[in-house]
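Survey of secondary and tertiary structure
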Amino acid sequence: MNTREDIVRFERCFLSYLENHGGYAIQHISLLRTYDALQNTPDGGRIFSAILDISINLGLIWCDTAEMGRCINQVIQVDFADLSESEATQKSFELRMKLHHYSNAYIFRYRSLWDKIMGLFVLVLAPTEYEKFCSANSKKRFFAKIARNGAMLSYEIVEQIQSAIQKFDDMFRTAEAHGTGFLRKSSFVWTELETMDQLKLIDYWNLLNQIAHIIGELFDHHKRIIDEN
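Thresholds applied
Residues numbered from 1 in each chain as written. Predicted model: local features only at pLDDT ≥ 70, side-chain atom pairs only at ≥ 80, totals over all residues. Heavy atoms only, no water. Phe/Tyr/Trp six-rings, centres within 6.5 Å; stacked < 30°, edge-to-face > 60°. Helix = DSSP H or I, 4+ residues; strand = E, 2+ residues; numbered from the N terminus. Buried < 20%, exposed > 50% of the residue type's maximum accessible area, 1.4 Å probe, protein only. Contact = heavy atoms within 4.5 Å. Polar contact = N/O pair within 3.5 Å; in protein donor to acceptor, adjacent residues only side chain to side chain. Expected span 1.5 Å × (residues − 1). Arc of directions from axis to C-beta. Salt bridge = Lys/Arg side-chain N within 4 Å of Asp/Glu carboxyl O.

1. Side note on the packing of aromatic side chains
For any pair of aromatic rings, geometry is given as the distance between the ring centres together with the angle between the planes. According to the stated counting rule, one finds 16 aromatic pairs in the structure shown. A centroid spacing of 6.4 Å and a plane angle of 55° characterise the contact between Phe121 and Phe143, whose relative ring orientation is tilted. Note that Phe121 is positioned in helix α4 (residues 85–125) and Phe143 in helix α6 (residues 139–148), a separation of 22 residues in sequence. You can call Phe121 buried: its relative accessible area is 3%. Relative to Tyr204, the ring of Phe172 has its centre 6.1 Å away and its plane inclined at 85°; by these criteria the two rings are edge-to-face. With Phe172 in helix α7 (residues 155–178) and Tyr204 in the loop between α9 (197–203) and α10 (205–228), the pair connects residues that are 32 residues apart, well separated along the chain. Tyr204 gets classed as buried once you look at its relative accessible area, which sits at 16%.

Structure (structure tokens):
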């Protein structure tokens, strides 16, 4: 995407996709207003690329969440009365496999999205430190050091981000990425809705949603300043 018209077309198609696949077109960040706000900003191209990537992945994780919800509802509501035992077994398995598919995708997309968001704040607050951030052994600690010296995020928000990422890693990512898996039992064995680990996954959306709004408001505010001048 090289022109403003490209951004307009992409955003229109993107929002339509989210509505069709996620049930609702979330728009935490206006790509067009962000593009306009960054036109005369140093590193504006790199910042916009980072925001575009974050926006796409926010949309996809929203769609993953919607698909998980649909799968859960189907497993609960499906009527096996007219199916043979083997057909019912296969139908149940396919629904649970689909649930596991989207749950697993959510974990890896969610965790990578936090690295992208932390990287964006480093790029905006301390662009010369961005390459160091990318190669840091602990991106959480590197981000926190930069963010605490900036004015974009409060100390409390930075602490919440670090804590949420660590809890998510401990509960989900480490087991799925490096162990024998955590969600498998919940996907294939659960019988009570209250015991589903997938519902815990969805709870992690709240802080992500909050930070996405902060990003959107940041560049909306910058665009308003430009318009006023």
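2. A few points about the environment of Tyr110
Locating Tyr110 in the fold gives a position in helix α4. Of the residues examined, Tyr110 reaches a relative accessible area of 1% and is grouped as buried. Spatially, the C-alpha atoms of Tyr110 and Ile165 are 9.6 Å apart, while their sequence positions differ by 55 residues. Discounting residues that sit within four places of it in the chain, Tyr110 has contacts with Ile61, Phe168, Tyr204, Trp205 and Leu208. A polar contact is formed between the side chain of Tyr110 and the side chain of Trp114, at a distance of 3.1 Å.

3. Regarding helix α1 (residues 4–22)
Compared with the 27 Å implied by 1.5 Å per residue over 19 residues, the 26 Å span of α1 between its first and last C-alpha is a close match. Among all positions of α1, only Asp6, Ile7, Glu11, Phe14, Leu18 and Gly22 are buried. Summarising the axial view, the buried residues of α1 lie within an arc of 120°, below the 170-degree limit, and thus occupy one face. Residues Arg12, Cys13, Glu19 and Asn20 are exposed on α1 and point more than 90 degrees away from its buried face. Contacts from the buried residues of α1 go to α2 (31–37) and α3 (44–77). Phi for Gly23, located one or two positions after α1, is positive at around 85°.

4. Section: the pattern of salt bridges
According to the stated counting rule, one finds twelve salt bridges in the structure shown. Residue Lys116 is joined to Asp53 by a salt bridge in which the shortest nitrogen-to-oxygen separation is 2.7 Å. A residue pair is termed long-range when its members are at least 10 positions apart, and Lys116 in helix α4 and Asp53 in helix α3 qualify at 63 residues. Across the pair Arg148 and Glu159 runs a salt bridge whose closest N-O atoms are separated by 2.4 Å. With Arg148 in helix α6 and Glu159 in helix α7, this pair connects stretches of sequence that are eleven residues apart. Through salt bridges that share partners, Asp43, Arg46 and Glu131 make up one connected network.

5. Some words on unusual backbone geometry
In this structure, Asp43 is a non-glycine residue whose phi angle is positive, near 65°. Relative to the assigned elements, Asp43 resides in the loop between α2 and α3.

6. A short note on the environment of Thr34
By the secondary structure assignment, Thr34 is in helix α2. Given the relative accessible area of 1%, Thr34 is considered buried. C-alpha separation for the pair Thr34 and Phe219, spaced 185 residues apart in sequence, amounts to 5.5 Å.

Keep in mind that these numbers describe shape and distance, not what the molecule does.
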